[in-house]
Amino acid sequence: DAFSSLRLGSDSQALRDATQIGLDRRRSAPAATNAAWWDEREVEILTMTQTMVSTRTRTYAYSGGSDPVSSFTFGTWVKQNGDWTFASLCSAMEQLDRGCDTLGIRYRVLAELRNLDAPWARPGENVNANTPWLLDTFTILPGGIRFDYGPGSVGPAPAGTFTIDIPWTDPLLNEPLN
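Values in this document were obtained by computation on a predicted structure and should not be read as measured data. (Residues numbered from 1 in each chain as written. Predicted model: local features only at pLDDT ≥ 70, side-chain atom pairs only at ≥ 80, totals over all residues. Heavy atoms only, no water.)

1. What about the overall build of the protein chain?
And then number 1: Helix and strand counts for the protein chain come out as 3 helices and 7 strands.
And then number 2: Listing the helices and strands of the protein chain from first to last along the sequence gives α-β-β-β-β-α-α-β-β-β.
And then number 3: Across the 178 residues in the protein chain, those meeting the buried criterion constitute 36%.
And then number 4: The long-range share in the protein chain, meaning contacts at least 24 apart out of those at least 6 apart in sequence, stands at 49%. (Helix = DSSP H or I, 4+ residues; strand = E, 2+ residues; numbered from the N terminus. Buried < 20%, exposed > 50% of the residue type's maximum accessible area, 1.4 Å probe, protein only. Contact = heavy atoms within 4.5 Å.)

Here is the structure:
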């Protein structure tokens, strides 16, 4: 099977161990807000070919408050020489025979975050074109590249999530390979 060596998450024993730790904490300090003992995960496989898999996982952690804490994790893997390798944005683009103008993409993402009024992406705030993790939130879609920013990443948690799609037809994503 082409995907048998691809590992998308923790093994079941690690999940059982983490659940038991959470239950033990809850039992020892039932009123503690840090005694999270349950989470819910939605794993979306957004691209799946013989040489690339791109996923987004949204986790809702329930720790006793009125609303769950949500977060995203991302993973894109490319198959090279028979082995699956975790891919950066540029290595994923290379797998698709596309160039990767990271500076151009950074400025586009920042401009889109500002258009969406992401509080921490405004001029003079913490998120800017030099923010190291700005392009780490990508997933490859059939129609282009998506960047998802969860609560608390580009604004305070109550500001919610921010999503930016750049279609394959955009000239920025059609740079030739160097």
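2. Digging into the side chain of Arg146
And then number 1: Along the polypeptide, Arg146 turns up in strand S6 (residues 144-149).
And then number 2: A polar contact is formed between the side chain of Arg146 and the side chain of Asp165, at a distance of 2.7 Å.
And then number 3: Apart from residues lying up to four places away in sequence, Arg146 is in contact with Arg56, Thr137, Phe138, Thr139, Leu141, Thr163, Ile164 and Asp165. (Polar contact = N/O pair within 3.5 Å; in protein donor to acceptor, adjacent residues only side chain to side chain.)

3. So, helix H3 (residues 102-115)
And then number 1: Along its 14 residues, H3 runs 20 Å from first to last C-alpha, staying within 8% of the 20 Å computed at 1.5 Å per residue.
And then number 2: Every buried residue belonging to H3 is among Gly104, Ile105, Arg106, Val109, Leu110 and Leu113, and all of these are buried.
And then number 3: Phi turns positive, to about 60 degrees, at Asp117, one or two residues after H3. (Expected span 1.5 Å × (residues − 1).)

4. Regarding a nonpolar patch on the surface
And then number 1: On the surface, a cluster of nonpolar side chains totalling about 280 Å² of accessible area is made up of Val43, Ile45 and Met48.
And then number 2: Tracing the backbone shows Val43 in strand S1 (residues 38-48).
And then number 3: Given a relative accessible area of 51%, Val43 falls into the exposed group. (Patch = residues over 30% accessible without salt bridge, like charges linked within 9 Å, V, L, I, M, F, W, Y side chains within 5 Å. Areas by Shrake-Rupley, 256 points an atom, 1.4 Å probe, with all protein chains shown as cover. Salt bridge = Lys/Arg side-chain N within 4 Å of Asp/Glu carboxyl O.)

5. Topic: the pairing of strand S3 (residues 69-80)
And then number 1: Pairing of strand S2 (residues 52-62) with S3 involves 10 bridges; the strand directions are antiparallel. When the bridges of S3 are listed, Ser54 appears paired with Thr76.
And then number 2: As defined by bridge partners, S3 adjoins strand S4 (residues 83-86) across 4 bridges and the pair is classed as antiparallel. When the sheet's bridge partners are listed, Lys79 is paired in S4 with Trp84.
And then number 3: Hairpin connection of S3 to S4: 2 residues between the antiparallel strands, including Asn81 at a positive phi of 55 degrees. (Pairing = 2+ DSSP bridges.)

6. A short note on the pattern of salt bridges
And then number 1: Here the structure, examined in full by the defined rule, presents 5 salt bridges.
And then number 2: Across the pair Glu44 and Arg56 runs a salt bridge whose closest N-O atoms are separated by 2.4 Å. Of the two residues, Glu44 is situated in strand S1 and Arg56 in strand S2; the sequence distance between them amounts to 12 residues.
And then number 3: Salt bridges linked by common partners bring Glu44, Arg56 and Asp148 together as one network.

7. A closer look at the state of the cysteines
And then number 1: One pass over the structure, following the stated rule, counts 1 disulfide.
And then number 2: Two residues, Cys90 and Cys100, share a disulfide whose sulfurs are 2.2 Å apart. The chirality of the disulfide connecting Cys90 with Cys100 is left-handed, given an S-S dihedral of about -70 degrees. Residue Cys90 is located in helix H2 (residues 89-95), and its partner Cys100 is located in the loop between H2 and H3; the two are separated by 10 residues in the primary sequence.
And then number 3: Looking at Cys100, the relative accessible area reads 25%, which means it is partly exposed. (Disulfide = S-S within 2.5 Å.)

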